[in-house]
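# An overview of the molecular structure
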Amino acid sequence: MSDPSAPTVRPIARLLWAPPSGAARRAGGARPGDVLRGISRIKRTRALYGIDHPVSTQTLEEVHDLIQQVLASRPSLRLSVYEDTFFVGNTVLLEESLQLFPLLAEFRERDIGTLDLHEGVEAWEVQRLIDVLQMGAADLRRAGGAAGWLKMQGVTRLSVGSPPKDQPKLKVDPRDAYRSGLRAVDEVNFQASRRLPLDLRKTKLVVKSFTDIIAEDRFAMLGLAALRGYDEDTCHHSVNVGILSLLIGSQLEFSRPLMATLGLAALLHDLGKMLIPREVLGAPRALTLEEQGIIRRHTLYGSRLMRGFPGLARLAMVVAFEHHANYDLSGYPRVTVKRAPHLLTRIVQLADFFDAATSSRRLYRRPMLPVEAMKHILDGAGKSFDPILAKIFVQVLGLYPVGSVVELDTDEVAVVVRPGEREATRPVVKVVRNAAWREIEPHTISLEEDRHRRILRALDPVEAGLDIAAHL
């Protein structure tokens, strides 16, 4: 039932979520992740022009200035590496981990687990770090390792250490994870549209991050997924389906490997649409029967793109093929085996329907309000949707999901910001208008705790003139 907008077949996410410019950094302050970007930039410039070229010298000076900005608010900065991630303190630098994987690999090959930059570090000391990264790993070991070689060079305000022996307890900022999800999906969509081999490393890292966030706070990313009416391209839809699917998987207490497979399958469920003609997929009108038939082929195309996946990941191929088949097999493609689709398919189908039904802003179709989509799911339980999973989906997200605009029986207007813990009809809401419908200073209440209020009805945020993005 999904019908998202035309596919993005170029790396647009790199433009949408590009790192801040130099001017922006000076205005808002440099971030620790910018230091890693700077080190990578020095390496690239030096490889192109040589160490003594004026461009290389200027780049080194600019990156040194950036490091000074970062150190202006702290005496030192420690950047660390664990497996496939950079982190600072216990916070993962997810975007840098995705974008700067060659640099991360060079750190790991040289057994560099920590990089400490101290106040007063000089540009020539940064240059020695670049020397380390350009030395062969074997040569560096013969020279006493990275730490020993830097010490022999007289470097005192920059130091490196070995990776941690035990896995550190890391956290990921939900907004960083969401942006990184957009980037990862966009890149794999681009690869599919060009029929290139699919590189799943970034996608798998994003799924791991989503899973970690949900394990810490299962509702932490719902506010981001709820902004579907504002960002309804293919990448946003896929990321939202991934978040919703993993939320259900966590409720079912799936193992980590199964969660990884579910997340991958959810992010890639519509990959076959990258092979559908753009003019058909993005038609600004109701589709003809012939065009509907063309779009339906995306399930077959997607499964073919994934047929080489190894191990459990092969289930992503099954999900791509089945996710429109319906619980009672009344959908498409027609299957001859009279059994319900795979469990992972039935989860992804629910998430896919909900996000697509509530996000479409096409001229010929009004999107469903979240509560309408939930009621449609309950009505379709046992037919289109798995009856048990449908109930779990509504219980977990609430009858009024995050992002719903509601009118209370006090005539106040509120935005749902979190599902209720016990009652699907009594979420946590942020009251934004008083009984006269005038804007007020927002305040949050739990309808499970405040028994004097209840939801009277759901409102269309567009008709109510309310920007939910300002309140999530």
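In this text, all values refer to a predicted model and were calculated from it rather than measured experimentally. (Residues numbered from 1 in each chain as written. Predicted model: local features only at pLDDT ≥ 70, side-chain atom pairs only at ≥ 80, totals over all residues. Heavy atoms only, no water.)

### Remarks on the sheet that holds strand 2 (residues 85–88)
Pairing is antiparallel across the open sheet formed by five strands, whose spatial order is 3-2-1-4-5. The sheet is open, and its two borders are formed by strand 3 (91–92) and strand 5 (158–161), each paired with just one other strand. Note that strand 1 (residues 76–82) and strand 2 share three bridges and pair antiparallel. When the bridges of strand 2 are listed, S80 appears paired with F87. (Pairing = 2+ DSSP bridges. Helix = DSSP H or I, 4+ residues; strand = E, 2+ residues; numbered from the N terminus.)

### A look at the packing of helix 20 (residues 370–379) against helix 21 (residues 387–397)
Viewed as axis vectors pointing N to C, helix 20 and helix 21 meet at an angle of 155 degrees, and their least axial separation amounts to 9 Å. The angle between the axes of helix 20 and helix 21 places the two elements in the roughly antiparallel class. With respect to the hand of their crossing, helix 20 and helix 21 are arranged in left-handed fashion. Along the contact surface, helix 20 presents M374, I377 and L378, while helix 21 presents A390, F393, V394 and L397. Here the residues of the contact of helix 20 with helix 21 sort into seven nonpolar, no polar and no charged. (Axes fitted to C-alpha atoms, helices over the stretch in contact; angles between N-to-C directions. Parallel < 35°, antiparallel > 145°, perpendicular 65-115°, else oblique. Left-handed = near helix turned anticlockwise from the far one by under 90°. Contact = heavy atoms within 4.5 Å. Nonpolar A, V, L, I, M, F, W, Y, C, P; charged D, E, K, R; others polar.)

### Structural notes on the pairing of strand 4 (residues 114–118)
The two faces of a sheet get side chains in turn, since along a regular strand they alternate between them. For strand 4, the tally of buried residues reaches four of five residues, placing the bulk of the element in the interior. Across four bridges, strand 4 lies against strand 5 in antiparallel orientation. From the neighbouring strand, T114 faces strand 5, where its bridge partner is G161. (Buried < 20%, exposed > 50% of the residue type's maximum accessible area, 1.4 Å probe, protein only.)

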